[in-house]
Every structure is written in structure tokens, then in C-alpha cells.
Amino acid sequence: MGHLSELHARCTDQYIEKFNRSRVIVGLGTCGIAAGGDKVMAAIQHEAASKNMHIDIDFTSCIGICFREPTVEISLPGFAGVIYGDMTPDKVPYLLESHIINRHPVEEWAVMQISEGSTALYENITKMNDYPFYSKQVRTVTSRLGRTNPESLTDYVATDGYKALEKALSMQQLDIIEEIKKSGLRGRGGGGFPTGMKWGFVYQAVGAKKYVVCNADEGDPGAFMDRSVLEGDPHSVLEGMAICGYAVGADEGYIFVRAEYPLAIKRLQTAIAQAEKYGLLGNNILDTGFNFKIKIKAGAGAFVCGEETALLTSIEGNRGMPRVRPPFPANQGLWGKPTNLNNVETYVNVPFIINRGSDWYTSMGTEESKGSKVFCLTGKINNTGLAEVPMGISLRDIIYSVGGGIQNGKRFKAVQIGGPSGGCIREEDLDLPVDYDSLTAAGAMMGSGGLVVMDETTCMVDVAKFFLSFTQTESCGKCTPCREGTKRMLEILNRLCSGAGRMEDLDTLERLGRVVKNTALCGLGQTCPNPILSTILYYRDEYLAHIQDKRCPAGACSALLVYQIDPDKCKGCSKCAKNCPAGAITGGKKKPYFIDVDKCIKCGACLPGCQFEAIYNDAAPHRNNCRPATRRTA
Amino acid sequence: MTNSIAEIAGADFILAIGTNTTEAHPIISLKAKKAQRNGATLVVVDPRRTELAELANVHLQLKSGSDIALLNALAHVIIAEELWNNDFVAGRTEDFEAFKAIVAKYTPELAEQITGISAETIREVARGYARAQKATILYTMGITQHICGTHNVLAVANLAMLCGQIGKESSGVNPLRGQNNVQGSCDMGALPSVFTGYQAVTAYDQRAKFAKAWHVAELPARPGLTVGEMMDKAGTDELKGMYIMGENPVLSDPDSNHVVHALEKLDFLVVQDIFLTETAALADVVLPAASFAEKDGTFSNTERRVQRVRKAIDPVGNARPDWQIICAVSAAMGYPMQYATASDIFDEMALLTPTYAGISYARLEQGDIQWPCPNANHPGTTYLHKDKFLRGLGKFNPVEYIPPAEMPDAGYPLLLSTGRRYFHYHTGTMTQRTGALEVHYGTEYLEINQADAASLGIADGDMAQVSSRRGQVKIAARISKVVPQGLVFTSFHFPEVAINKLTNPAKDSLSKIPELKVCAVRVEKAS
Amino acid sequence: MTVTEITLTINDITVTVPQGATVLEAAHQAGVFIPTFCHDPELTKFGACRMCVVEIAGIRNLPASCVTVATEGMVVHADSPAVQEARKTVLELMLANHPLDCLTCGKSGDCRLQDYAYLYGVKTGSFEGERHCYPLEDDNPFIVRDMNKCILCGRCVRACAEIQGNSIVEFTNRGFNAKITPAMDVSLAASDCVFCGNCVAVCPVGALQEKRLRRAARTWEVRKVKTTCPYCGTGCSFDLNVKDNKVVGVTSCDGDVNGRALCVKGRFGYGFIHHPDRLTTPLIKKNGIFVKATWDEAIGLVAQKLGQVKAQYGSDALAVLSSARCTNEENYLLQKFTRAVLGTNSIDHCARL
């Protein structure tokens, strides 16, 4: 072959050469851009030009610390790169002057430093490995994120990119599949089906034409693992797919990526064009005679298209509705042809396994769940962002070490894992190891990697309502239980949250949940009652409070809030009455005011105006807690 | 049809020539669509871009009446490229050399000049047809309603024999009959030259058999008149009396003015029908007949399938089933016909008709039967010519292209073709009176190409006057991509647009079918 | 290729079916009733209504029997408490969003939703909440489309695609708002629909109804007579629906040629039978005007006139047109009459037109 080693040598030279120059690298993932990274980039370019600085300005993707975006990395030749967080354009002139011209990193803005090779470290800046967010992480799937330019083939090849493909093309197809089987890699989309076994099915399936499809239709609320990887390391997805294509005997691949990820699509397009140009995709790849083309299909925003059969139907140009399995895609997939369908993260794992061997991979993780898993930390957690952890780590470690604990010192209540299909894990289960089977046993599921952390101010009925309203909107409408059942369950939850719940609603919810779970056609429908069923199981008292007491203990359901004025604290200033848009507050001069609960629309406009803190409700409880909240009678 | 309707779905190559199947035979078109969904190649030969043509893998939009040039050129390519079925031609046919000699001159390039279809397309279609496992040809009046109609049919048959694409399941030559029982009428001997089952009136033995069965001394030996000849002879006073049952030649026959004139000259005309049709209006006596819902009987469909018609209601008013009326007239003329039921008539017919001999009402209760069905244990025949043709060896009948009888000229510069619409049927006698079809599709229009309309100053929806050498009608114009430049099209379903006033009665010399698909007309914007 | 057989038990009944058969087919063979809405043997398997769910040992959830392939040794419970609960709930969910106007619905008596609600004792009103309120589509003379009654079984979608090959209607919108419509949610009349009514023939509820038939008779009032279509030469079979000695409509039967498929003429073109223009009495033209006559008068006159021409000018001065619209028996008789009585072979019909 020789083709790749030549390219590799050239790219490595170019890549190393970069480190001999002063570099400023801006994090321009979607999160970075959303936080203003592009403006910071513009400021840097302007500043460098006006000061005539001889520096390289580059960009990378999100390294994972979304909570500190925009981030900027500055590295001087021979020194560790320093990553700065919460950058703004007005910080730029000082930052560049201090770090580049004066060679003094701005310690108070620095998040951490990363040493590549033998570069010198700074004294007072935390090393990446010591930074709590990363101390328990491993970086495999995410190893290039924030470290390479995602639009640079040079960076990818220099960091061992396409080596695995080259190696795989010299192997027997079955040997590749065997290696994947031995690695224990399981589907990262959430189902956890053994990847090697799936590849084996597709390999065995009869048919001259086969397809490889990548599911990048990430749709769970609070999940952005796939987006981060696609934006940060698109070539690794292509390489994983190409290896799979070779192994199973496919010559065509599709990446089904949601249209809401324009940056990911753009970077994939760039990567595909680059790979085709250098003979890493297309016909006669690396002169081996292997042909493999990859096309992008932008999904039109239907959550259900993350379901594999709906996804395939959508690629075929039809309405994205699930179809019945079996036949499974491995036998009859895209256009009826044998099709291997894996998620982004699964494919990205493949080149690492091929390069480093299955033994290396199995050294991470638990007995049944090998390797690492990428999670998105969202919700009431301090460090929202992207984290890759070894399988088997406890949820407590993820939330408290990686995630830095709960915001504002509140008490942890639950973590929703597995998106709308998953379930809640309570405090008492936080020490469970994160692996497919433990999570399922605890009533949740691995899912694709979204972790939504909730604190004591989160109402679990409201959480169930939120997820139901999501699944109800996203139901494709094909099967009766999902189409009609989610609607009725949502209506009941709305009723509970508005104070009109009845005791029999609980039974109805449980029955509907059971029937929908048991009878729905696809995974969306079968799992959509999980948030209801698990919250009823673990937080029944909250449901009862909503129904019997017409009270939301977490104070989240605004319709259930009862606003009251403490006559002992009220000075009769009348400010609250003036702020009330409903005319619900009355009183006389220098006398305590009174809220008419029937007129009150629970808008909360009275609250901030009271300088005596005399107004209270469940969400902003009475400071003295001296008396129970008045209940409305049912 | 040599095959059954269901078999069309199993073909892997369908050559639909001169058939607007989705409109005229909707249910048959479903089989063709199904075959195509299963991967079959659909080639449609039609001067118009019909719905079927739109669906087709290849649409050969030939010039009207140039079918033989196309069919011969297909054969030319198949012979030139040695794609023909040697075994079939050698074992099952005769006169191949004569055929080969004639088609030799029909090069695709020559055909391109005549048909307007590119030589390369002709070659591709020829290869597809010859190489198909099960190729089937569907055709209707687009083939037959030409002065060369019989030759067109022979050219189709030649092509099928050349490739051995006949006598197999899903592979054959399949004319789709246009009327519910046109097959049965022919089978029953409602033709001037044959008794039931195509037994010739000229054959002494046949005549003797029927004469004996019918208890008459003798039966006429000379073939009778065809419908066109009847009209001609009525016009010249040689014909004095006519009995018309359930037909409306005033609207359905070409050159309506001539037909009306002929019928008016008769001494006596009796018409038996369910409505007072344009033809019945000319009668001396009109006999009210029962509709299909009011009587028992059988129809034979286009695939030779004998099917029961069952009485659902009593005849309306004083109407009577046609068979009872015939019996009454016959009895009044001194020849009593005594049948208690339609089944009795069928049994008498089956005794005299070898192809129907094994069929009875009792068997039809278990399901339809396709003739030939020679005895009561025979299951019927789904496709014909399996091991041999009726005549033994299949005979190649080489035919030459001739242009239509009347081509556009300076005075009549456009070509008029007629046919059917999906929502209506034949002369409209029934479909104009359903309370539904005519509500949805209430007026007829003339399809005209944008370019022709523009040059005539006709806008969409304008009333147009269409004239031929024989008559004229007024009709709304609809600018349509269905027709190419130079061709206009309409249906014959609407009495108010009696398009057969314009059509050319020039007939095929053998079958006597008039050339309804081609005549020269002039179109003007009506004032 | 040998067909392997599979043996399984359904409700403790042992049944052997060919490999590849579904649990629903096996149940049918075992004589175990399983209710279905979306299943139709002629159409692709859809598995959407979830009415046919069953319990199968070793399988989590309740799979739909119409799409679950039977396997060796499978133990199926088609009426277990979980199954009963699921079916009742599915029915309740359907009824919660269905106009309960069975008193006036033309499909009453021939409606699966009604039948199964009765069978499972499902009352209405289990769920309060939103109901659809789509306008009734009544702007064509053939079909009434009431999407409020649609249970989204998708049979019409598949019939249009797989029987008619036209794909006029498809699912649109999502979830609770899913609806079956022509492209752009126009009416059928504004679409390319050809009104074959094959969607109506497969609709298990009252969402698609034959406009005139369902207003002319309750479903239980009609007598069905299977016959052959009087239009083109295809020979489609259908059922004439008869009430009070009147044809009030046409419905599909299982025809040897056409299955349930019909075209617009076959299904909706029956109105001519009772059209006021029908000839109901013999007419004799006197002085250019038709006058009503008795059969005896008319027959007598015809016999006399034909006899007169024959006597005066010979048999060949007579000719007969038979009909491609009449039955075989009538064509046979007329040619017999022509040849044996009139003495001529001049009989023809419009085979050429």
C-alpha cells in the first residue's frame, strides 16, 4: 500500500510543525458558538492583526467543558497549552498581550493546562488530569475533541487517523468481526446489542448489495454526545463506518443526521470530501479494491426517526414511521437489503479497537459492559458538559466528581438517565455501577447518554409531564396505544398539575402506562411510559400531594401554588396590590393585605416587589415555617 | 386473451400497445402496475401520453397508425441481433423465412422516420422484449381500429411467435375486450359467419348439426352482413328490416349521419333496450328490456372466463329480460322457444359448443370457468397455445406498413383520435344516468396540445368547432400535455358531443373494423 | 423446496402451520378468534392497531399476532387477563376519540369498532379529553370521508398503494394529530383520486363510506347478490345491495378476477338501473310519435312486420344486431332466432367498436 504511510508522514510533519508556533485556538463547537465563541474568534483575529502578532489562529470543537464556554486555548512553543474559560471579546486584548506577548498566562481565567509531549507546565494552573471534571474521565471516543481541528484531515491522520482502516483492509472480514466481538463493544445508542454479533448477522445475510447506516438522529432532550463527536471528530465516524462496510461486505453508507445539526452536517460533508479526495473513501480505497461511499441524509426533525426502522424508512424517502421487526435490518434493512445500523459513538469506538486491540478495550469497564461511555451532563448540576467515563463508574462519581455536584447547594433528588425512554434513579441507587444491566435492573436504562440531574425543587409529576409531552408530540401516530395513550396520559398529568386530579387518575395512569408499554409498536412507544411509571413508583407521595392536597411539594407546578401574605410581616405598603394584574390583592392602609386565592392567577408578580418578604408560597416557602400552608379544599 | 388477467402481474416485460388501460380497463391496469412494482419493465406504445404512459419505463410515442412499422422494426432488430427464439420458431411455427424477408427492410432507422421513435429506443425495447423471461403484449382498439387493424394484430402475433413469448404462463398476446360480453357475443355466434364457438356457417356439417338441434330443415349457408355492411345496404334499400338488441350504432358507429340516414330508410326497425337511445328513437317498435340486475345469465369476459349474472331485483316496470322477449317474438313468428330458465338456454348452447361443453350453471356456482372447457371434468384453460396453436403450427403472416386512410392535409390539418374516459363508458347510455359519474365528470372536452391551441388562438376552456369531411361538433378545448402537437383527442361517451359524426368509416378489409383512431379534422375557435 | 411445519399451542390448542405463518394465521387455523383492525390478508402487514396482541411465553410485552411469526413450540395465550386488558384499553382509547353517532352512522352494523366494543363490553367515556373535530368531506358524489371516525389503521393507505397503485392518501402529522390525507391535505376531489372506492372497501369503520348506499339503507337491511359488472370486458364480480326490490348500492365481494378491487364505474355506476329514463313499457311509433303499447301488441306487430319483410323481400332483407351488453344466453337465442326463424346469417354486434 504505502499510500497511507506517506500521507501519515506528511500530515505528522505538518501537525508537529504547528506546535513550533504560538497558537490561539478557539472552541467552535455549537456550544462554543452559542456562548459567543465566534465573537471571541473575531476579536482575536482583529487583535492579532492590529498588533501584528505572528500567531496561528485555529479552531477546535468542544472539549467537554460546555459550562465554561467560550473557551480559548493558547500554547507557546515548548509550553503546555492553557485553556481559558468564559472568554469574552473584551478579555481578548489583555489575554493575548499577557500570554503571548508577555508570556504570562492569565491564571485567574485559566481553567486548566494540557501538556502535549514534553512541553513545560506552568506552576499555578491545574493540569487537565487534576481538574476534577476530567480526573475520573477517560478520553477515547472524545480524545480528539478540543484537541484537533475537526475540519483538518491533516490533524486526523497525524493523530493515527485511518490507520485502523488501513489495518482492517489487510485483515479478513471475519477476523475484524471477531475482534469487535472480543472487544465486547455494545451498541451505544442505548439498546446495548453486541456490535460484533450484529456485524456478523449482516455479514452472513445473503445479498450482493448491503448498506452501512449511522444513526446520528440524536433526539433525547438533554443529549448532545453525537453532535459533539460529529462536530469534533467527523473522520472517526467515517473511518468506523468504512471498517464496518469492509467487514460486512457493504459498499455504501448513509449517515442519518438530524437537520438541526447544521454544523455537524457541514463538518461531515467536509470530511467526506477530504476522504474521497485522498482515496480514503470512494472507489478502490487505499488501492485495495474496496469501494465504499458515504452519503448524508438530513433528518427532518422527527424523534421517532432515531428508531432504526423508522430511520431506514425515512432514508428511503417515505414517512418516518417504524415498521415491524422482524425482519431485522441486518436481513432486510434499507431498500430491503441487509443493513448494519449503529450509532455514532459505536462507530467511533471501532478504529480505536482495531488500532489498539480488543484486549486494550476490555481492560476498561465491567464484565458485561466494556470500554467507555460518553455522557451529557445537564440539569441542576454544576458542570454541564460532555464527559467520557469508563463503564462501571458509579453515578455518584459522575454527578459529584465529574459533574461537580448540585447547583446552588441544593439537595440531589433524582437523575433521569436514558432520556424520555429511561427512568429516574434516586439517591439510594447512586452507587450503582454504570453498565447496561445494572441500570436496566434499577428501572432505568443506559440510553444514548443523556443525564438529567434534578434537585429538590424539581417536581416529579412535572418531570413525567415534560417527558410525556415530548413523546406525545414525537409519537408518529402509527400505533393506537402510543398515539392515543400518550395523549390521554398527558392530559391526566396536566390535570394533576393543575389541581384537578382525582385518585382514580393514578390507577388509570398505571394501567395506560402498562398497556402502552406492553403493546406499542416500537421502542418509543414501549418506553414512553417509563418516566410516569418510575416516578409513580418512587415518588407516589408527590402524586398524592398533587391529587389529595392540591399541592406541589417542590413548588414547581405554578397552578398549584397558593400565594399568601403573612399578616405579621406585611406593613400594608400596597405595592403587591399595585403589581397584581388580576386584582386579587386587597387591603387597607397600614393594614395587612390579603390575597384572594380564587382571583389569584399565580403569576408571581407580587413576590419580588415585597421588600418585607411577607408573601410566600410552596416554591418560596414561608421563612418561619410557622404555619402550614392553607389548603384549598377539593 | 391468450393468458389470464391475473397472469399479467407475473410478467417481467409488458408491451402495452394501443391501450389506455388505466382508463378503459382499470382493474387490468392494476395487474400491470403490480408487475411493474415487482420489477417488470413496462413499455407503452401510444401516440398520447396517457396515465399508463406516464407510469411506463419507456413510452414510445409513435405517430398514429404507424404500429406495423414499429412492430416490424422490433422484429428486425431481434432477428438482426439473433435474439429470437430459435427452438420455438423451428418447432412451433411456419413461414418464418417469408416473414424474415419482409421485416429485413424495416430497419430501426426506417421505422424512426415513419414512427418518430428513435432507432436506438426501438433497439432497446426489442432487446428487452426478446430477452424477457415472460413478456406479454396487451392491446386494445389502438391496434384494431385502423384500416390495417388485422395486419396490426398479425404483426403483434408475429413478434410474439418470433420470441416464443406466447403459450406460456404470463406470456402471450392479450387483446383487452372493451365490453362486458363482447367475448361472449362472439362466442355465441352473434357474428355473420359463425355459429357458437366459431363453427363456420359455411361448413355443411356444422349447419346440419345446428339444423338438427334446432329442428329446422336447413340453415342459411352464405355468411351474412357485418354491421357496417348492414348500414350500407339499408342506405341502398337492399335491407328492409332490422332488429337491434342493446346496441346504439348511431353513437358508436363511425359517420353517424350515414347511420341515421340508413336506419331511417328501413321499412321496419325494432329496438330492444333499457333506455330510449339515439338508435331506439328511430325505431318503429321499442321493446323495454331488463338490465343486468334484473335477470339471470352469464357473461364471458376478455380472458374467456364464463361468469354468472344473477337476478337481484324484478325488472322495472313492464320491462322483460331480453331472452324472454326473443322467445316471445319467435313464438309469435311460429317458432316457439320454450325455456324455463336462462340455465336451460345455456345447457342447449353448451351441447352445441365444444369450447363450452363442460360448463354448466351448477359448476359456475363453485367458481368461474375459462373456456376451452370440453367436458364436465375439465378445469378450464387459463392460457392458450400451451403446446400447439389451434391451427397446429403458428403461421407467420408478414405484413407491410400502410398509412391511415385519411391523413391531415391543408384543409383538415389535425389528426383526431377517439377513445374512452375513466369515468364513462361507451355511448354513455348508462354512465350518463348514474347520479354520480356524470355529476363528477359532466362535460366532455377536446384534448389539444398547447402549440396547436396557440396557433389557433384557442385558450383553455374555449369552445372549439371540430370539423371533418363528414360533419362537425362543438366541444370545449382543454390544453393538455397528453396529446402531442398535431393530434387532438376526445371520447364518444357524450351524446351532445357526437364525435362519430366526424370519424372515418373506412374499414379494415378483413375485420370490417372502422378506422376510428385516425381521421383528419380542422379545429377552429367557435364563435 | 419442502415446506417445513411448525407446531405451537394457542390457548392450549395444538396447531401445526407452515413455516412462516403468523400467530394470527395459526390462531385462525386453531379456531381461536383474535380481533384485528389493521390486518388485511391482501395488504402488507402493518402491525399498527395493536388489537391482535397476544401473550407469548418467553416474550416480553404483548406482541401483535398479525406480524409475529409462529415458531416451534411457541406457547400463545390469546385471551389472558393482560391481553384482555390491553384490547379493552385499545378500544377505549379509540372510542375516546370517536364520534359516538352509531344511531345514524351508515356503517352501523358492519363496523368492527362497534362489534369489538360489544364483544369486550367496552363502554364509552373512559377518558375525557380532546377529540378531533375535522370537517366532514362530502364534496364528491361517491365517497363520504369522515376523518373523525378514522382509527388510523392505514388500510386505505395500503389499499391505495398496493391494490390501486396510486398512493393518493398517506399519513400526515404526528401523534394524536396524525391523519390520513391526500397530499397537502386537500379533499379527494381536489386530488388525483380516481374514486375506485377500494379504500372504502377495506375501511373497517365508518370513516370511508359509499355516499349513496349508506344513506339509502342500514347495513342489515340489504340483501347482497353477487353478479358480474356490466361495463368493460374485465369481468369484475361485485355484490349488488338490494333493499325493497331496489339496487341501492354496490359493494366488493371476493371476485375471481378482481378480488375486492373495482373501478369507479363498477362501484358507483349502478344508478342507471332505477333511472327515470328507463323504458318500462313497449312503445309503438304512430305518426312519428311513440305510443305506449301492451306486450301482446308490440310482439304481434314485430312478428308481423318481420314476417312481412321476409315474405316480401326474402330473408336477406333482414338483419339483426345483437349485443355485447347482453348475456350469452340472449346472444345465443338471438342468433338462433336470426338463423332458424328469419333465415339469414346477417347478425352482428359492435365487437369492433
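The structure we're discussing is the one just above.
A.B. asks: Is there a simple way to think about the overall build of chain A in this case?
C.D. replies: Assigned secondary structure in chain A consists of 24 helices and 19 strands. Here the C-alpha atoms of chain A give a radius of gyration of 27 Å, agreeing with the 26 Å that 2.2 N^0.38 yields for 634 residues. Taken along its principal axes, the extent of the C-alpha atoms in chain A is 90 × 65 × 40 Å. By residue count, 61% of the 634 residues in chain A fall in the buried class. Partitioning the intrachain contacts of chain A with sequence separation of at least 6 by distance along the chain shows that 70% fall at a separation of at least 24.

A.B. asks: What is the right way to look at the interface of chain C and chain A in this model?
C.D. replies: How large an interface is tends to be reported as the accessible area lost when its parts come together. Taken residue by residue, the interface counts 33 residues in chain C and 36 residues in chain A. Where chain C abuts chain A, roughly 2,900 Å² becomes buried across the two surfaces, and 53% of that area is made up of carbon and sulfur atoms. Counting the surface chain C buries against chain A, the share from its top three residues, Leu93, Arg174 and Phe176 of chain C, is 23%. Seen at the junction of chain C and chain A, the total is 19 residue pairs in polar contact (both at pLDDT 80 or more). Those elements that place two or more of their residues in the side of chain C that touches chain A are α2 (81–95) and β6 (169–172) of chain C. No other element matches α2 of chain C, which puts seven residues into the side of chain C that touches chain A. Partitioning the side of chain C that touches chain A into residue classes produces 17 nonpolar, eight polar and eight charged.

A.B. asks: I keep staring at the packing of aromatic side chains and nothing clicks. Help me out?
C.D. replies: One pair of aromatic rings is described through two measures. These are the centre distance and the angle between the planes. For the coordinates displayed, the defined rule picks out 44 aromatic pairs over all chains. Seen from their ring centres, Tyr211 of chain A and Tyr254 of chain A are 6.2 Å apart, and the 50 degrees between their planes marks the pair as tilted. Residue Tyr211 of chain A is located in strand β6 (residues 211–216), and its partner Tyr254 of chain A is located in strand β7 (residues 252–258); the two are separated by 43 residues in the primary sequence. Both residues of the pair, Tyr211 of chain A and Tyr254 of chain A, count as buried. Here a set of aromatic residues connected by ring pairs shows up, and it is made of Tyr422, Phe423, Tyr441, Tyr445 and Phe494 of chain B together with Phe142, Phe195 and Phe268 of chain C.

A.B. asks: I keep staring at the packing of helix α5 (residues 67–80) of chain B against helix α7 (residues 96–103) of chain B and nothing clicks. Help me out?
C.D. replies: A pair of packed helices can be characterised by two numbers: the angle between their axes and the separation between those axes. Residues and elements named next belong to chain B. Contact pair α5 / α7: the axes reach a minimum separation of 9 Å and the direction vectors enclose 105 degrees. Classified by the angle between their axes, α5 and α7 sit roughly perpendicular to one another. Only Phe96, Phe99, Lys100 and Val103 of α7 make contact with α5, whose side of the interface consists of Asn72, Ala75, His76 and Ile79. For the contact of α5 with α7, the residue count by class is five nonpolar, two polar and one charged.

A.B. asks: Just to check I follow, could you spell out the interface of chain C and chain B for this structure?
C.D. replies: With 105 residues of chain C in contact, the opposing surface of chain B contributes 151 residues. Contact between chain C and chain B buries roughly 10,700 Å² in total, counting both sides, with carbon and sulfur atoms accounting for 64%. For the interface between chain C and chain B, the tally reads six salt bridges. Between Asp316 of chain C and Arg222 of chain B there is a salt bridge; the shortest N-O distance is 2.1 Å. Seen at the junction of chain C and chain B, the total is 68 residue pairs in polar contact (both at pLDDT 80 or more). Here the side of chain C that touches chain B gets 14 residues from one element, more than from any other, and that element is helix α9 (residues 328–342) of chain C. The residue inventory of the side of chain C that touches chain B, partitioned by class, reads 57 nonpolar, 29 polar and 19 charged. As paired elements, strand β9 (residues 285–288) of chain B and strand β12 (residues 283–286) of chain C share two bridges and run antiparallel to each other. Directly across from Val286 of chain B, in β12 of chain C, lies its bridge partner Leu283 of chain C.

A.B. asks: Is there a simple way to explain the environment of Met141 of chain B in this structure?
C.D. replies: Within the element layout of this structure, Met141 of chain B appears in helix α10 (residues 141–144). Here the alpha-carbon distance between Met141 of chain B and Leu510 of chain B, two residues 369 residues apart in the chain, equals 15 Å.

A.B. asks: Before we go on, may I ask you to explain the pairing of strand β10 (residues 339–343) of chain A in this structure?
C.D. replies: Each regular strand shows side chains that alternate between the opposite faces of the sheet. All names here are of chain A. Here β10 lies mainly inside the structure; five of its five residues are buried. Across the two faces of β10 the burial is the same, with Thr339, Leu341 and Asn343 and Asn340 and Asn342 all buried. Of the strand pairs in this sheet, β6 and β10 are connected by five bridges, and their pairing is parallel. Each residue of the ladder has a partner; that of Tyr211, found in β10, is Thr339.

Cut-offs used in this document
- Residues numbered from 1 in each chain as written.
- Chains lettered and ligands numbered in written order.
- Predicted model: local features only at pLDDT ≥ 70, side-chain atom pairs only at ≥ 80, totals over all residues.
- Heavy atoms only, no water.
- Helix = DSSP H or I, 4+ residues; strand = E, 2+ residues; numbered from the N terminus.
- Rg over C-alpha atoms; globule rule 2.2 N^0.38 Å.
- Buried < 20%, exposed > 50% of the residue type's maximum accessible area, 1.4 Å probe, protein only.
- Contact = heavy atoms within 4.5 Å.
- Buried area = accessible area lost by both parts, 1.4 Å probe.
- Polar contact = N/O pair within 3.5 Å; in protein donor to acceptor, adjacent residues only side chain to side chain.
- Nonpolar A, V, L, I, M, F, W, Y, C, P; charged D, E, K, R; others polar.
- Phe/Tyr/Trp six-rings, centres within 6.5 Å; stacked < 30°, edge-to-face > 60°.
- Axes fitted to C-alpha atoms, helices over the stretch in contact; angles between N-to-C directions.
- Parallel < 35°, antiparallel > 145°, perpendicular 65-115°, else oblique.
- Salt bridge = Lys/Arg side-chain N within 4 Å of Asp/Glu carboxyl O.
- Pairing = 2+ DSSP bridges.

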